[in-house]
Every structure is written in C-alpha cells, then in structure tokens.
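# Residue-level structure breakdown
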Amino acid sequence: MFDAEQWSQLLQGFLEEARDLLKEAEDSLLRLETRPDDDAAINALFRAVHTLKGSAGIFSLDPLVALAHQLENLLMGVRDGARVLDAPLTSLMLQCMDELGVMLDSIDPQQVSMPAHTPRQAALLAALQAHQGELPASVDNPLAAPHGAPRLRTWHLSIRFASELLSNGFDPAAFIRYLARLGDILSLQTLTWAVPELDSLDPEACYLGFEVSLHSDASREQLEDVFALVQDFCTLRLQAQEPTDTALPAEPRAPAQTLAPATATPLPSMPAGEPRTASSSQVKVAAQKLDELINLVGELVIATAGAQMQALRSAHAACIESVQAVQQHVEQIRERALKLRMVEVGETFNRFHRVVRDVSQALDKQIALTISGGDTELDKTLIDRIADPLVHLVRNAIDHGIEAPAERRAAGKPEQGQLRLNAYHDSGMIVLEIQDDGRGLNTAKIREKAIARGMLDSDSPMSEQDIHLLIFEAGFSTAEQVSNLSGRGVGMDVVRSAIDQLRGVIEIDSRAGHGCTFRIRLPLTLAIIDGFLVSVGEEHFVIPLDMVTECMEAPANQAEQGHLNLRGRPLPCIDLQPHFGLPRSACVRRNIVVVSQGRQHAGLIVDQLHGELQTVIKPLGQLFQHLSGISGSTILGSGQVALILDIPSLFRQSQQRAEGETPHLLPSPSGE
Amino acid sequence: MFTLAAATADTPARLRLDGDLTIYEVRAAREQLLALLPAQPVPWQLDLGGLGELDSAGVQLLLSLHKTLCANGHEAEVIALPGNARALLELLRLPALCPAGTPVPCEE
C-alpha cells in the first residue's frame, strides 16, 4: 500500500503528533491534580491517550500500544467516576507518560520499529495492572461491573457530524447500519433542520445529525469505537439509561428524548464546544523557514533605507514619494513577519506544573503554582532560550525560597507555599516574573559570603539590591545544605549569562520573611528593533527606541560632572565620546538622550540626533563578543556601519564607575 | 439524470430521476435541479423509480429539494422508490421521502 519512504513520512507525522498528545496528556493530568472536577481535563487526557494508542496501533508499535492501553483502562475508570485520581496514581501515570516519551524517542523512523519491552516498561505495566485490580466492584456503580459480563442497557446517542464528513469518504448511514448490528434501534431521528435549500446547499457537505436510542449489551467503549474512525468529524454524546432487567427484555424503557448537556459524555476524541475547525485553519511551518523569511525582511529593511537615501539625494519628488510608499509597506511586512514568530508564553509556563510537582514532592513541600499572563506573546527563539533559566529559577524558588511546612507554620504563614509565574509587556519589553512567598533572600548572609569569597570588600557600601545581585556571580551558593536540586554553586551565573545573551536584564525584589520576586526583562524579538540613530563625531550609534524617553540639548557645563539636574532630579550621564575613546569632535551643540530601563534612568551625551530608524540587528562576530556596551551592529542606508548600544550593560558600567563616589550618581530610581 | 415532464391541466409536474444519486453525483444533480425548479407553485411528483444507488449525500440532496419546494409553496410527492433506497430511507426514518398515498404535507 505504502512504500518504505511513505511509511517513514507517516511515522514522522505520528511522532510529532504523539509528542503533542503526550504533552497535552501531561498538562491535563497536572491540571486534574489541582482541580479533580475538571471534566474538560479528564476528557482531554483520555482523548490524548486514546488517540495515541490508536495511532501507535497503525504502526504496530506494540510496546507503546500496550502501555497506552493500560493507561487508558485506568483513565476510563477515573472518567466514569469508578476510581479516584489520587497522588500515587498521578505519579504512576506521569511515570508512564515519561516512559511513553522515551519510547517515542527510541523509534527509528527509517526502520519503523522500536525496541521490545524493557524491564522498566514491564514494571510500569505491572504497577498499572495492580492499580487496575484495586478497582472496587461496587454494586451501586454499574460502570464498575466486570468487563466480562455484558448487560443490556438502553443507550442514547446524540451524533453530530462535521460538514467535511462526506467529502472525506464517510457515509453517516453506514454508522447507523453498524449501530443496528450492535443492538435494536428503538428510535431514531434524523436531524434534517440544518439541510439548507438547494440554492445554498453544498451538496458535498454533511448537514445531518442523529438522535438514536439503542437497546444493546455493548459497552460504552464499543459504542465509541464505532465512531473512532471519524472522531475528527463527529461529536458524540452517549448516555446510558437505567439498565433494563434482562428478565424483561420485551418491554424496553422509553428512551430519553433529549439530553441534558451536563450529563452527556462527549466522545473522548472530541469534547463538545471545542470546534475542530480551529485546528484546520492553522498551518505548521518549520521555524527555519520563518528565520529565512525574517532574514530577508531584514535585508529588505536595509535596502529600503538605502533607496530612501538615494531618493532624497536625487530630490526627485515622485521618486521620493514612491520610496516612501514602499517603505510603509516594508514596515508593515516587517511587523507581520515578526509576529509570525511570536508564540504565547503559556505553553512554556505550563510545563512548570510538572517541575513544581516533582521538585516539591522531592523536598516534601506543599506548593501551589499560579500562572498568569500566559497569553503574552514572545519571540519563539527567546522562549526556547529562556526556558532553562526559568526552570532553574523556579527550582531555586522552591528549594531555597519557600520554607518547609513546619518552618512556615512557625512563621505564621499557611503551610502551602505560593509560587507565581507571571508575564506581561512593559515599554517594549516582555517581563517574566517568578514570585514566591518564602523567606526572601538573606542579605546579611550573601554579603558575608561575598566578603568571604573576596567578591566584596568588607567596608564597601552597597545597596541591598546590589548585594542580592551577587547571587548571580559565578560560584556563589548560600544553601546550608546542598541539595541535588539546586545549590550546587552552578546555575545562577548561567541564568544571568543566558539572560545577558538575550539582551535582557534580571532584577530581584526580595523582602525578608515575605518572599522574593525575580523579574526578567527581555526584548520582544532578537532580529529587528526600532532604533534611534545618534552620532558622536563620525561614528553612528543606535539606541533601542523603546528605551528612549526624551532628548534635550546638553547644558554647556553641567554634564561634564557626570550628572545633571533634570527637573530637580539628579540624572547620571554618560558621555559616549570619552566612554568609547572617540576623538573629540568640533561639535559645539551637544545633545542628551535620556534612556530608561525599568526604574533606572540615565542620560547619554552625544553630538547629533538623527531620529528614528528601523534596524536589523547583526550580531557581533566572535572577535568583538567581549566588547561591553555594544550589543550588535547594523548597516545604514549609506552603507555605513552603526553600532547598537547595549543600554543595560552601559547602566552596569556606569554603576561600577560610580562605586565609591557619591551614591546619587547611580542610575536613579524614578520617583514613584 | 433528471428529466422533467411539465405539468398539464390534470397531471402534476413529474420529475424523474434515473441513475445513481451518491456523493459522486450530487454536485451535478444540484446544478441540474436548480435549473429545473419551477417558477410558479405547481404540484410536483418526484419519480424515483429509476434510482440506482443512494447514499447519505443523495438523501441530503433530496431533503434539500423537498425543503426548497415546500418553502416555495409547491406540493411535493415521491412516487415509486426502489427497494434499496427505501431501505435506507426507512433506516434513517425519513418518511417524507417515501412514496405515500397522499402528498406529504410540508413540515415546519
């Protein structure tokens, strides 16, 4: 039917789908742990495992099918209320899902085969079966009856087909015929109200639905299996009537005419109210293709800037006008192209449910994770690269931040610790917050340790915030007991360097005894920014526009002292000319660009202001990586190179320089 | 596939269908029917005696035709129905499309 290559392609598709399904299953399982009554979650979980099993069966991946099958059996009990999803069962299921993930990774797409059972899988299967055996055979619960004893019941089926059913080669009548073979159809109503008149009829779309009452000894699973083939094109609600006494089969009970949606069980493949059409309107594109597109758009932006410059030089009115029109469109294309790469941060956040669960169990702490701002969008590359640092910070907050239950009780706090993940946009940056209500950072201890390690002079005056930032220095760990989770003295400096590489900054907001907030600020994208072009002598610099708050003429003498009186507040100033060791220019009138980041403000003294400019960031080559204060370069329309200023690192430099001088030279916190 | 015999003073318009009416035919069938729809309300007879294979798509088209005729005030009646088609319509409990002694009153 298929040649080897086609099989391999199909299998690739399956592997991708299966990983998504596993992730969905895991998310749902973790959601269930906090909200056991979440019907949507249990259905999503069941559906994911069911679909995984079905698809794996197509490829005869038997070990995978076996494990998924056992998992599904257990889940069925949970869904039907015969089994409670308690912590040990959840843990077991999570282990199974991990194992399923390992199995997926072990599949060789070329061979369409997978290694046979391993002892680990056997152990999991045994554990699952042990749980299965515990199922209480309660008489009250008809669903808990042993599978071997079929019982006659009247099932009510509400079937709605999606319009694509017919064009996919399925005939709804065939399913009705098959149902008729499973039992007696007591009543059937073909729902024809949706069939439009001829002039608006799409003859190949399906408009039909059915309400069927079936007297049968088939199980719920058997009935659902009838529609398994078309699970993408149909919504099924199944409801069992009171079981009929087998002694009186001649008098079937009256079937229910309508269904209360609250009691209806959607087909696991598709819960009601989750339109399948949503998925068909999305296209999966390889990230690399997007990168290529964005690179090209970047070149286009530069080329347009060049064209505009030539047009202005030629002073040809019509030419200038057309170039401007082109530029407007290029700008729109740039914006749209960048949006393509934007993904919601929620998916990354959701994986922390698992991290929090595992870590808090390992440490025997009770922790509730709250996530907000999951719909905040961020560049995909950024998300991928920030995920690991986030994991580290979360682990750290659980390990070091949140106290053990006993300690919390003693401090008058609820035993359950709170961990919050939050994301939001703030002045062109995305902010990610990891907030705990634990003990906060121990400033004195950090200071002591820093002095002991020679990072700090014992008499150097340092603000509490600066001391906190020392935990990001290499080789710093304050945990009294080094656990295997965090506190190995590596990590926090890695977190810092990862964030630095993304042109981001991290702030710590800690209150002793009340908790600690790590706040990461990241640029929205790595590829293109709106910049503000300035020049010092012959050199051009680009400042990220989002950071520019105002521009003004530099007062003749004030700025020389390194700070300036800005409307009654001291504003630290950095003169770029001596800072970068540039030759003194003949420029008489100099300007100040006030930049801000978070609560810090500073003035950059430059010669000339040239205005806004779309800038494609070209990363600095290896040779220039060590340069601080510069985050990249760009090519101007004239072909000249302009350096992009790295404002956070300039801030840090100015802070370091100001150390030992009067405290108000630090970039000043804005007046709140 | 459809042939229409115009109404006379004492006989209603009669539409005869010959051949299959399945997912493969419905698109063409709908085009043809749209062209044949009468402008004036007249009683209609639908002669399905020559119907070959029928599937759900075909059933849908017939339902749509029935609905269209009803909405325009025509009376519509099915006369003659081969066994296999009848079996399907009975399975789906769609008496409106089965031949009856009297024209089936329009629903709704």
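Small disclaimer: the values here were computed from a predicted structure and weren't measured. Residue indices follow the written sequence of each chain, beginning from 1 at its first position. To read the labels, note that chains go from A and ligands from 1, taken in the order they are written. The model is predicted, so local features are restricted to residues of pLDDT at least 70 and side-chain atom pairs to those at 80 or more, both for listing and for counting; the totals for chains, interfaces and linings are taken over all residues.

Turning to the overall build of chain A, a few remarks are in order. Along its length, chain A carries 18 helices and 23 strands. Burial statistics for chain A: of 672 residues in total, 34% are counted as buried. Once C-beta atoms are placed from the backbone, any two residues with those atoms within 7 Å are in contact. Look at the contacts in chain A between residues 6 or more apart in sequence, and 69% of them connect residues 24 or more apart. Strands are runs of DSSP state E lasting at least 2 residues, helices are runs of H or I lasting at least 4, and numbering of each runs from the N terminus. Here a residue counts as buried when 20 or more other C-beta atoms sit within 10 Å of its C-beta, as exposed when there are 12 or fewer, and as partly exposed otherwise, the C-beta atoms being derived from the backbone.

Within chain B, the secondary structure is distributed over 3 helices and 4 strands. Reading chain B from its N terminus to its C terminus gives the helix and strand order β-β-α-β-α-β-α. Within chain B, the proportion of its 108 residues that are buried is 37%. Long-range pairs, those at least 24 residues apart, make up 76% of the contacts in chain B between residues at least 6 apart in sequence.

Residues and elements named next belong to chain A. Pairing in this open sheet of 5 strands is mixed, and the strands run β7-β9-β10-β12-β11 from one edge to the other. Each of the sheet's edge strands pairs with one partner strand only, and the pair in question is β7 (367-372) and β11 (505-511). Taking the axes of each pair of neighbouring strands and ignoring which way they run, one obtains an average angle of 15° across the sheet. Here, a strand pair is defined by DSSP locating no fewer than two bridges between the strands. Of the pairings in the sheet, the one linking β11 to strand β12 (residues 515-523) comprises 7 bridges and is antiparallel in character. Of the residues in β12, the one forming a bridge with Ile506 is Ile520. In this description, a line fitted to the C-alpha atoms serves as the axis of each element, helices being fitted only across the stretch in contact, and the angle between N-to-C directions of two axes falls anywhere from 0 to 180 degrees. Strand contacts of helix α11 (residues 346-363): β7 and β9 (417-426), with the helix running at about 170° to β7, the strand carrying the most contacts.

Moving on, we get to the packing of helix α3 (residues 62-79) of chain A against helix α4 (residues 87-106) of chain A. Between two packed helices, the angle of one axis relative to the other and the distance separating the axes together describe the packing. All names here are of chain A. Relative to each other, α3 and α4 sit at 160°, their axes nearing to 10 Å. The pairing of α3 with α4 is recorded here as roughly antiparallel in orientation. Once α3 is placed against α4, the crossing between them reads as left-handed. Listed contacts from α4 to Pro63, Leu64, Leu67, Ala68 and Leu71 of α3 are Met93, Cys96, Glu99, Leu100 and Met103. Residues belonging to the contact of α3 with α4 are distributed by class as follows: 9 nonpolar, no polar and 1 charged. Throughout, the term roughly parallel applies to angles under 35 degrees, roughly antiparallel to angles over 145, roughly perpendicular to angles from 65 to 115, and oblique to all others. Handedness of a crossing is defined here by the sense of rotation of the near helix relative to the far one, left-handed for an anticlockwise turn of less than a right angle and right-handed for a clockwise turn. By the convention adopted, Pro, Cys, Tyr, Trp, Phe, Met, Ile, Leu, Val and Ala count as nonpolar, Lys, Arg, Asp and Glu as charged, and the other residues, Gly among them, as polar.

This brings us to the sheet that holds strand β3 (residues 44-54) of chain B. Residues and elements named next belong to chain B. As summarised here, the arrangement of the 4 strands in space is β1-β2-β3-β4, forming an open sheet in which the pairing is mixed. Both edges of this open sheet fall to β1 (2-5) and β4 (76-79), since each of them pairs with a single strand only. Across the sheet, the mean angle from the axis of one strand to that of its neighbour is 20°, orientation sign disregarded. Of the strand pairs in this sheet, β3 and β4 are connected by 4 bridges, and their pairing is parallel. When the bridges of β4 are listed, Trp44 appears paired with Ala76.

With that out of the way, let us pick up the nonpolar core. All names here are of chain A. Defined on buried residues, the nonpolar core groups Ala, Val, Leu, Ile, Met, Phe, Trp, Tyr and Cys residues joined through C-beta atoms within 7 Å. One finds Val212 and Cys234 to be the most contacted residues of the largest nonpolar core, which totals 55 residues. Excluding residues within four positions of it along the chain, Val212 makes contact with Leu157, Ile159, Leu179, Ile185 and Leu188. Core analysis: the next-biggest nonpolar cluster, separate from the first, contains 38 residues, Val356, Ile383, Ile446 and Leu522 among them.

It is worth spelling out the interface of chain B and chain A at this point. With 22 residues of chain B at the interface, the matching set in chain A holds 20 residues. Elements supplying a minimum of two residues to the side of chain B that touches chain A: α1 (26-36), α2 (56-71) and α3 (83-91) of chain B. The dominant element in the side of chain B that touches chain A, judged by the number of residues it contributes, is α2(B), at 10 residues. Here the side of chain B that touches chain A is built from residues that sort into 13 nonpolar, 4 polar and 5 charged.

Next up on the list: unusual backbone geometry. Most peptide bonds are trans, and most residues other than glycine sit at a negative phi. All names here are of chain A. Phi angles above zero are rare outside glycine, and Asp364 is one such case at about 60°. Relative to the assigned elements, Asp364 resides in the loop between α11 and β7. Take Asp364: there are 8 C-beta atoms within 10 Å of it, and that puts it in the exposed class. We note that Arg567 has phi near 45°; this positive angle belongs to a residue other than glycine. Turning to its location among the elements, Arg567 is positioned in the loop between β16 (563-566) and β17 (569-575). Looking at Arg567, the number of C-beta atoms within 10 Å reads 5, which means it is exposed.

With that out of the way, let us pick up the pairing of strand β22 (residues 641-645) of chain A. Residues and elements named next belong to chain A. In this sheet, β22 lies alongside strand β14 (residues 539-544) in parallel orientation, the contact comprising 3 bridges. Looking at the pairing, Phe541 lines up with Leu643 of β22. Bridge count between strand β21 (residues 630-635) and β22: 5 bridges; the pairing is antiparallel. Each bridged residue has a counterpart across the sheet, and for Thr634 the counterpart in β22 is Ala642. If you look at the hairpin formed by β21 and β22, you'll find 5 residues sitting between the two strands, and Gly639 has a positive phi there, around 95°.

Residues and elements named next belong to chain A. Residues Ile446, Arg447 and Ala450 constitute the buried set of helix α14 (residues 443-452). For α14, the arc enclosing every buried residue in end-on projection is 100°, short of the 170-degree limit, so these residues lie on one face. Facing away from the buried side of α14 by over 90 degrees, the exposed positions are Ala444, Lys445 and Ala452. In this structure, the buried residues of α14 make contact with α15 (464-469). Gly454 lies just past α14 and shows a positive phi near 75°. Along the arc lie the directions from the helix axis toward the C-beta atoms.

Further remarks concern α2(B). Since the α-helix packs 3.6 residues into each turn, any two residues three or four apart lie on the same face. Residues and elements named next belong to chain B. Helix span is expected to be 1.5 Å times the residue number reduced by one. The terminal C-alpha atoms of α2 lie 22 Å apart, and with 16 residues this matches the ideal 22 Å at 1.5 Å per residue to within 8%. Counting buried positions along α2 gives 14 out of 16 residues, so the element sits mostly inside the fold. The first or second residue beyond α2 is Gly73, which carries a positive phi of 85°.

Residue and element names in this part refer to chain A. With respect to the helices, strands and loops of the structure, Glu72 is situated in helix α3. The buried category is assigned to Glu72, around which 21 C-beta atoms lie within 10 Å. Between the C-alpha atom of Glu72 and that of Ala48, which follows or precedes it by 24 residues, the distance is 9.4 Å. Setting aside residues no more than four positions away along its own chain, Glu72 makes contact with Val49, His50 and Lys53.

Moving on to the packing of helix α1 (residues 4-34) of chain A against α11(A). All names here are of chain A. At their nearest, the axes of α1 and α11 sit 9 Å apart, and the two run at 60° to each other. Put simply, α1 runs oblique to α11. The chirality of how α1 crosses α11 is left-handed. Side by side, α1 and α11 meet where Glu26, Asp27 and Leu30 of the first sit next to Asn350, His353, Arg354 and Arg357 of the second.

A few words on the confidence of the model for chain A. Residue and element names in this part refer to chain A. Summary of the metric used: pLDDT quantifies the predictor's per-residue confidence within the range 0 to 100. Looking at chain A as a whole, its pLDDT mean stands at 78, while 82% of the residues score no less than 70. Ranking the elements of chain A by mean pLDDT puts strand β5 (residues 265-266) last with 40 and β14 first with 90. Ignoring residues within four places in sequence, the model shows residues 244-279, a span with pLDDT below 50, making 62 contacts including any to other chains. The low-confidence segment residues 479-490 (pLDDT under 50) makes 21 contacts with residues lying over four places distant or belonging to another chain.

Relative to the helices and strands, Gly73(B) resides in the loop between α2 and β4. Between the alpha carbons of Gly73(B) and Val42(B) there is a distance of 8.1 Å; along the sequence they are 31 residues apart.

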